[in-house]
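Single-letter residue listing:
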Amino acid sequence: MSQLLTLPGWARRRPHFFLLLWMGISVVSVIGMGGYYLLNERQRLVERSEALAENYAGTIARRIEASVAKVDVLLSLVAKDRALRDAPGRTQALGQLFEQAMENHPELMSVMVIDADGSLTDYSRPQPEGAVRFSDRDYFRYHQTHTGQQLHISAPIRNRFNGRMTVPLTMRLEDRHGAFAGVAFIGLSVDYFDQEFARISLGRQPTIAVSDRDGTILFRHPAVDGAIGSNIGHWQVFSEFVLKAEHGVSESICPVDQITRVHAFRHLQRYPLITFSGIAMSEIDAQWRESLKVKVPLLLAILLVLVGSGWLMYRQLLHDARVRLRLKASLRRASEANERARTLNEALQKSGDFQQAVLHSTGCGIIATDVRGEVLFMNKASTKILGFTADEVVRKMSPLVFHRTEDVREALQRIRIGDTPYLLMVAHINAHPGREWQFIRKDGTSVAVSLSITALKARDGLLDGYVTIFHDLTELNRLEGLKSDFVSVVSHELRTPVTAIRGALSLHQAAAGSELAPSQQRLLSIAIDNCDKLVRIVSDILDIDKLASNKLRLNRSIESVGELIRLAITQTQPFATQYGVTFRMAGDPDPLQLSLDADRFNQIMVNLLSNAAKFSHPNSEVTVSAREELGYAVVRVADYGIGIPESFQPHIFERFSQYSAALTRKSGGTGLGLAITKMLVDAHGGTIGFHSEQGMGTTFTLSFPLGAGRRGSEHQVQSGEA
């Protein structure tokens, strides 16, 4: 302790020596760590690409398995339903079945039934003219010599009716004595899956393929000439790696186009098929080079910051040492507490009742059911929330009893052949993640809950049941209201002192004038700018709170839309100039007049214009137009910048929602602008939407009903109208 206390004294007596020592150690450390990080960045990119490729391989496997399973069910229905094939009207019934299959599943190219001599008896499309025989097809000869009615997947062939490539999925037909009676045929469209795979983004030179276990390629994107139907069994990776594992990833040269990629594969669980996805190594190297362009300057900036801040550090040594001592004591106490907790957990694990203790001790309701929906288990929290005892529910009820009638009715509207009511309810709930649901208690009252349902699978992978986990939101909703009130009060209390600080700084800057050194002027400017940013953040939070609680009142009057837009452009142009962006008014909006709150409409336009400027390319233009369309005043703000990714578009109007964290840090923003804009548009009785293509730009569209605000109207809305 005494040695530790003498260190700050030495630092105060010889600050220049200590500063040089600290700066030297810091610079060497940052250079070493930064260099190590940059050298290992490529490996991290490769690992991330491997994980992405594996995820897509799994996704493609599930998609293909779902399509093949549909075909398997349909072929089994055709093969096993003897009454349908022998009864009068067989052709009409099969035709209707085929038409429904083709209508509901666009990946199916054709559905046929072929008799024992290879003649076509039923076809999903209009019957072709003339006799067509299929006895020369490989799948026909296969079923002639192989008994059993299992699904058979053949190599891709060219359809004789339309000339397009298709993958035959067939099943043997047998008469009542088990003899060969023909073939049921369904063809999967190669073009359809090529279009499906094209939607997956894996870089500029991706590969997505599906093969059988012999190595024959059934589907591939991009569809290189000669790739469909070719065999990759000679590929060393296929024979030594793919056939020996259920899934995996490796860096190898593609045997089709000789491009080096990170290839991931996955075997389908139910069918002898393998899916592949690959990301080109050239794409990874390009990302690494781009990363170096960003991170090397960042490393240099960090070094400059370290050097500039070094002279302040020695003053904190004594304080930091004391803090570290207190922290060590806290960590020691925490370690002792963790050791006691570990000992307690070990004791619980030795008990046979550990699992039950955990389930019953949680505050979340937990209900386990079988596949049909019959309740098998309820924990104590669920009985407390719902008012039922376990004896009243277990083996006697389904969780459907706890749902509102309208929720169950909405789920049953999606009913399909073979689906149970509980399965439909599970699908309905999982399709609305994050939604607040209402459960009905035993006494008939309702309770708000957050709800999730997870499927349970046995070791063989088959569905074994479901686990429903729900949490009573009554207290959470109450706390949410308290939080909203707290945010409102704190935001109001923050605005006054921040405004006072800003005013004092401005007065000081104006009074000092040229007497201040350049560094002092820069510090004052930074402080004033940050005060302005804090005031804007507080204002945004207050606006969000008012809009969310319907407390914001609009001071409406009849305003010229054109004048308000020009004012917003004038106010925003200095901000846009930082990004090399200019604004242009398209057309003449002057005749348009609306009943608006001028300040709030100005806030809407400034938010949209500044947002468009931030995400536009340098030296580009943002176009603003306003015109009357079908009784509405329609305002459009169009930029030609980076656009909005499709995956992010559903979240664009959510609070604190920001696209691309790195870009946001560069351009600034809290993620509240578009949320406030939408709320203000809704408050005016209008609508807001957008259209965006990544890399091409985004257009936001505002629509306001003209109503009393049409040009020439002298009707005035009273000031203060909500």
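Fair warning: this is a prediction, and the values are worked out from it, not measured in the lab.

About the criteria used
Residues numbered from 1 in each chain as written. Predicted model: local features only at pLDDT ≥ 70, side-chain atom pairs only at ≥ 80, totals over all residues. Heavy atoms only, no water. Helix = DSSP H or I, 4+ residues; strand = E, 2+ residues; numbered from the N terminus. Buried < 20%, exposed > 50% of the residue type's maximum accessible area, 1.4 Å probe, protein only. Contact = heavy atoms within 4.5 Å. pLDDT = per-residue confidence, 0-100. Salt bridge = Lys/Arg side-chain N within 4 Å of Asp/Glu carboxyl O. Pairing = 2+ DSSP bridges. Axes fitted to C-alpha atoms, helices over the stretch in contact; angles between N-to-C directions. Left-handed = near helix turned anticlockwise from the far one by under 90°. Nonpolar A, V, L, I, M, F, W, Y, C, P; charged D, E, K, R; others polar. Core = buried A, V, L, I, M, F, W, Y, C linked by side-chain atoms within 4.5 Å. Phe/Tyr/Trp six-rings, centres within 6.5 Å; stacked < 30°, edge-to-face > 60°. Lys, Arg positive; Asp, Glu negative; His and termini not counted. Parallel < 35°, antiparallel > 145°, perpendicular 65-115°, else oblique.

## What about the overall build of the chain?
For step 1, the next point in the chain: Across its full length, the chain holds 20 helices and 23 strands.
For step 2, the next point in the chain: For the chain, the proportion of its 722 residues judged to be buried stands at 40%.
For step 3, the next point in the chain: Within the chain, counting contacts between residues at least 6 apart in sequence, those at least 24 apart form 59% of the total.

## Brief notes about the confidence of the model for the chain
For step 1, the next point in the chain: In this model, the chain carries an average pLDDT of 79, and 79% of its residues clear a pLDDT of 70 or more.
For step 2, the next point in the chain: Counting interchain partners and residues more than four positions distant, the pLDDT-below-50 stretch residues 661-667 has 7 contacts.
For step 3, the next point in the chain: Every residue in residues 708-722 is under pLDDT 50, and counting partners more than four places away or in other chains gives 31 contacts.

## Concerning unusual backbone geometry
For step 1, the next point in the chain: In this model, His221 is joined to Pro222 through a cis peptide bond whose omega is 0 degrees.
For step 2, the next point in the chain: Among the secondary structure elements, Pro222 is positioned in the loop between strand S8 (217-221) and helix H7 (236-240).
For step 3, the next point in the chain: With phi around 60 degrees, Asn619 is a residue other than glycine that occupies positive phi space.
For step 4, the next point in the chain: As for its position among the elements, Asn619 is in the loop between helix H18 (598-614) and strand S20 (621-629).

## Regarding the pattern of salt bridges
For step 1, the next point in the chain: Taken as a whole, this structure holds 21 salt bridges when the rule is applied.
For step 2, the next point in the chain: For the salt bridge of Asp285 with Arg42, the shortest nitrogen-to-oxygen distance reads 2.7 Å. With Asp285 in helix H8 (residues 281-313) and Arg42 in helix H2 (residues 15-80), the pair connects residues that are 243 residues apart, well separated along the chain.
For step 3, the next point in the chain: For Arg42, a relative accessible area of 28% translates into the label partly exposed.
For step 4, the next point in the chain: Between Asp370 and Arg372 there is a salt bridge, and its shortest N-O distance comes to 3.3 Å.
For step 5, the next point in the chain: Since its relative accessible area comes to 12%, Asp370 is described here as buried.

## Comments concerning the sheet that holds strand S22 (residues 687-693)
For step 1, the next point in the chain: The strand order across the open sheet built from 5 strands is S18-S20-S21-S23-S22, with neighbouring strands paired in mixed fashion. Edge positions in the open sheet fall to strand S18 (582-586) and S22, since each of these has one partner strand only. The average undirected angle you get between the axes of adjacent strands in this sheet is 15 degrees.
For step 2, the next point in the chain: As judged from the 5 bridges shared by S18 and S20, these two strands associate in the parallel manner. Paired with Phe583 across the two strands is Val622, which belongs to S20.
For step 3, the next point in the chain: Against the sheet, helix H17 (residues 561-577) contacts S18, S20 and strand S21 (632-639), and its axis sits at roughly 165 degrees relative to S18.

## With respect to the pairing of strand S17 (residues 556-560)
For step 1, the next point in the chain: The buried fraction of S17 is high, at 4 of 5 residues.
For step 2, the next point in the chain: Pairing between S17 and strand S19 (residues 593-597): 5 bridges, direction antiparallel. The residue of S19 that forms the bridge with Ser557 is Leu596.

## A word on the packing of H18 against helix H20 (residues 673-683)
For step 1, the next point in the chain: Look at H18 against H20: their axes get within 9 Å of each other, and the N-to-C directions meet at 145 degrees. Our pair here, H18 against H20, has a crossing hand that is left-handed. Here Arg600, Gln603, Ile604, Asn607, Leu608 and Asn611 of H18 come into contact with H20, specifically with Gly673, Leu674, Ile676, Thr677, Leu680 and Val681.
For step 2, the next point in the chain: Its residues assigned to classes, the contact of H18 with H20 comprises 6 nonpolar, 5 polar and 1 charged.

## Concerning the nonpolar core
For step 1, the next point in the chain: If you look at the biggest cluster of nonpolar residues, it comprises 60 residues, and the most contacted ones within it are Ile64, Val68, Leu169, Leu188, Phe219 and Phe276.
For step 2, the next point in the chain: Examining the composition of this core, we find that 14 residues originate from one element, H2, more than from any other.
For step 3, the next point in the chain: Ignoring anything within four residues of it in the chain, the contact list for Leu188 reads Val68, Val71, Glu107, Leu108, Met165, Thr166, Val167, Leu169, Phe193 and Phe219.

## A look at the packing of aromatic side chains
For step 1, the next point in the chain: By the definition in use, this model includes 16 aromatic pairs.
For step 2, the next point in the chain: Ring plane angle 80 degrees and centroid distance 6.3 Å describe the contact between Phe134 and Phe161, whose orientation is recorded as edge-to-face. On the criterion of sequence distance, the pair formed by Phe134 in the loop between strand S2 (120-123) and helix H5 (138-145) and Phe161 in the loop between strand S4 (157-158) and strand S5 (165-174) is long-range, its members being 27 residues apart.
For step 3, the next point in the chain: Owing to a relative accessible area of 31%, Phe161 belongs among the partly exposed residues under this scheme.
For step 4, the next point in the chain: Taken together, Tyr192, Phe193, Phe197 and Phe219 form an aromatic cluster joined through their ring pairs.

## A word on helix H14 (residues 421-430)
For step 1, the next point in the chain: What H14 keeps buried is the set Tyr422, Leu424, Met425, Val426, His428 and Ile429.
For step 2, the next point in the chain: Taken together, the buried residues of H14 touch strand S12 (365-369), helix H13 (405-412), strand S14 (436-440), strand S15 (446-457) and strand S16 (463-472).

## A few points about the side chain of Glu283
For step 1, the next point in the chain: Residue placement: Glu283 occurs in helix H8.
For step 2, the next point in the chain: Nearest to the buried, unbridged Glu283 among oppositely charged side chains is Arg204, at 4.5 Å.
For step 3, the next point in the chain: Apart from the residues within four sequence positions on either side, Glu283 is in contact with Gly203 and Arg204.

## Here's the deal with the environment of Ile604
For step 1, the next point in the chain: Relative to the assigned elements, Ile604 resides in helix H18.
For step 2, the next point in the chain: Judged by relative accessible area, which is 0%, Ile604 ranks as buried.
For step 3, the next point in the chain: In contact with Ile604, other than residues within four places in its own chain, are Thr677, Leu680, Val681 and Leu702.

## With respect to the packing of H17 against H18
For step 1, the next point in the chain: Interhelical geometry of H17 versus H18 gives an angle of 40 degrees and a closest axis separation of 9 Å. Taken together, the axis directions place H17 and H18 in an arrangement best described as oblique. Crossing geometry of H17 relative to H18 is assigned as right-handed. Contacts between H17 and H18 involve Val561, Leu564, Ile565, Leu567, Ala568, Ile569, Gln571, Thr572, Phe575 and Ala576 from the first element and Ala598, Phe601, Asn602, Met605, Val606, Leu609, Ser610, Ala613 and Lys614 from the second.

## A few points about the pairing of strand S1 (residues 108-115)
For step 1, the next point in the chain: With respect to burial, S1 is a largely interior element, 7 of its 8 residues being buried.
For step 2, the next point in the chain: Looking at chain direction, S1 and strand S6 (residues 180-189) are connected through 7 bridges and run antiparallel. Across the sheet, the residue bridging to Ile114 is Val183, located in S6.
For step 3, the next point in the chain: Relative to S2, S1 runs antiparallel, the two being bridged by 3 bridges.

## A few points about the sheet that holds S8
For step 1, the next point in the chain: In space, the 5 strands of this open sheet follow the order S8-S7-S11-S10-S9, with antiparallel pairing throughout. With one partner strand each, in any of the chains shown, S8 and strand S9 (247-253) form the two edges of the open sheet. Mean inter-strand twist for the sheet, computed between neighbouring axes without regard to direction, equals 20 degrees.
For step 2, the next point in the chain: Relative to strand S10 (residues 260-267), S9 runs antiparallel, the two being bridged by 7 bridges. The partner of Ser252 across the bridge, within S10, is Arg261.
For step 3, the next point in the chain: Set on the sheet, helix H6 (residues 190-198) makes contact with strand S7 (207-212) and S8; between it and S8 the angle comes to about 40 degrees.

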